[in-house]
Every structure is written in structure tokens, then in C-alpha cells.
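Descriptive analysis of the structure
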Amino acid sequence: MDISVIVPLYNEEESLPELNAWIARVMKEHNFSYEVIYVDDGSTDTSWNVIRSLREADPEHVKGVSFRRNYGKSPALNTGFRLAKGDVVITMDADLQDSPDEIPELFRMITEDGYDLVSGYKQKRYDPLSKTIPTKLFNATARKVSGIKNLHDFNCGLKAYRSVVVKHIEVYGDMHRYIPYLAKLAGFNRIGEKVVHHQARKYGKTKFGLDRFINGYLDLATLWFTGKFGKKPMHLFGLLGSLMFFLGFVAVIVVGGMKLYHMHSGQHYILVTDSPYFYISLVLMLLGSQLFLAGFVGELVVRNSPKRNEYELREVIE
């Protein structure tokens, strides 16, 4: 099969028939063999009934999954990834803001240009400034932290993947924003970008609020840490803990030495416990010890993890 199209959705009953007809027309024009997997993320409208009717009308191409409740976009995508059978996997939103007319070129970039992943870039957006400005700041931060300098829109729902990519990454929580970063951490470094057309929402309203930007930064910090120190937490916590403990210990020696010097020279001196620097030193030593122990406990967890020696293999020759 050439293409698997994965469409996560939540309360998009009005747009589904039009989207499905649009995808079918594009696939027929380019003679692609394909499947469309609709993942209903616990919709409260009639979206699932619409998917059932689409399936009945075209059982060869239309498939569907329905969650019992709303879990989020990441679980929906991860479920679709597990079910996809196409050589190239395309993801797009169900709100008609992503154009299926982009599919042939995305497919070509994967199969002919050799990309592992191609992310859409909605260069001209039809969103309010309250959304576009935070999005630009968010993407700038993501580029800096991930090291993927050529992507301008990490969160674009329209993406194309080589099948092996989606089978080797796990999308959880709200990590769908960072799928290119997840792919890079899994060893898939051929990541490209394509400028795509962004259409104004035709039906319904957006399902995302400004809280996604706050959560997005927290998720990015999590990915950076797990990617860099996931298998060696002591390298971070142990280093910081040792440094803080050393600074605190040196500060205590200095405070004590200053008192002894003043006593020996007959100058006025204060008790060590009356000096604020003494308590700052103790805090540094306590924090250093706690960070070091956190790293030690992290190493024990990693050591006992069943996945501690699982690595991404490109190829094996025996």
C-alpha cells in the first residue's frame, strides 16, 4: 500500500464528509493505493456515526477507531501509527485547514528525495495575532532546543513520514508537537519541510487554548532531559550536586577561617552561626547532597529498566 492517511479528530462531524471526498479525489487522480484511518478522540457529537457511514460507503479505504473518552491528540496519533500499513504515512487535521492536495508532493519528497519526515509549514496563516505570535516564539524555542534548524512550524498537523519512522517512535502525553524531535532522538535525521496552504476553519471552533503553549515548553524540557540524560541521569544531577556541595563546603571553610583569623589577630568577631553566609553554605551542601542522591536513584531506576539496552538499529548484517 502506498499511503496511510491518519486523521485524529474531536467533534468534527460537519467537515468529515467533505474531507473524505477530497482525499479520495486526490488519491484517485494520482492512482495511489491508500487507506484513511479516522481516530475519533471521544467525540460528543455524531462524528463516529459519520465515520461509520463513510466506512459503509467505502469499506476498501476507510477505517476508524473510536476512544471511549477524550484522551488527546498524541494518543490518537500513536494509535493511528500502530495501525498504519502504508509505505508513507500522512497525518492531517480533520478541520479542513490542511489541504489533501499537498499529499502527492509530500509523498514524492519521502519516496524520491529520501526524507524520513517532512513537516508542513503554514507560512501564511489565517489565525489571530493572539495565536500566531506565541506560535512563533514557541517554534523558535523548539528549534533552539531540538537543534532542528530548518523547521519553522513544529506543530503543523500536516506531516509525512516514512513508515519505519512511525513504527519506532512513541507519541504520548502532548508530545505530538515534537514528533520531529522524537524522530531525531530515534535516529531519523533526514527531516525536511514543505510550505503548505493554510485554509481558514470552515466549521466549528478550535479545540486548543493558550495553555498548550505553557504545557508545550514543559514537554520540550522533558524531551530535552530524557533525550540527553535519560540513560545517564547521574551525569546531570551528580555534576550539579557535586558542584553545589563543593561550593557550600568551601564557603563553610571560609566562614570558619575568617572567625579564627579575627580571633588570632584580636579583632572583633561574630559567632559562625550569626553569619548569613554560614546558612547559605549549609543550604548549598544540603541541595548538593539531594541532587547527588536524585542522580543515584535515577541510575538505579535506569539500571533496572527492561529497556536500558534497547537501541535504534539501522541495519544488521550477520
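Quick caveat, the model's predicted, so the values are computed rather than measured.

Moving on, we get to the sheet that holds strand 6 (residues 159–162). Hydrogen bonding along the main chain pairs the strands of a sheet, whether they run parallel or antiparallel. If you walk across this open sheet you meet the seven strands as 3-2-1-4-6-5-7, and the pairing is mixed. Each edge of the open sheet is held by one strand with a lone partner, namely strand 3 (62–66) and strand 7 (191–195). When strand polarity is set aside, the average angle formed by the axes of neighbouring strands in this sheet is 20°. Direction of pairing for strand 2 (residues 34–40) relative to strand 3: parallel, over a ladder of five bridges. Paired with Val39 across the two strands is Val65, which belongs to strand 3. This element, helix 2 (residues 47–57), spans strand 1 (3–9), strand 2 and strand 3 of the sheet and lies at about 155° to strand 3. Against the sheet, helix 4 (residues 103–111) makes contact with strand 1, strand 4 (88–91), strand 5 (117–121), strand 6 and strand 7, and its axis sits at roughly 140° relative to strand 4, the strand it touches most.

For the pair helix 1 (residues 16–29) and helix 2, interaxial distance at closest approach is 10 Å and the crossing angle is 35°. Here helix 1 runs over helix 2; the crossing is right-handed. Contacts from Leu16, Pro17 and Asn20 in helix 1 reach Ser47, Val50, Ile51 and Leu54 in helix 2. Residue composition of the contact of helix 1 with helix 2, grouped by class: five nonpolar, two polar and no charged.

What counts as what
- Residues numbered from 1 in each chain as written.
- Predicted model: local features only at pLDDT ≥ 70, side-chain atom pairs only at ≥ 80, totals over all residues.
- Heavy atoms only, no water.
- Pairing = 2+ DSSP bridges.
- Helix = DSSP H or I, 4+ residues; strand = E, 2+ residues; numbered from the N terminus.
- Axes fitted to C-alpha atoms, helices over the stretch in contact; angles between N-to-C directions.
- Contact = heavy atoms within 4.5 Å.
- Left-handed = near helix turned anticlockwise from the far one by under 90°.
- Nonpolar A, V, L, I, M, F, W, Y, C, P; charged D, E, K, R; others polar.

So far we have only geometry, and geometry alone does not tell us how the molecule works.
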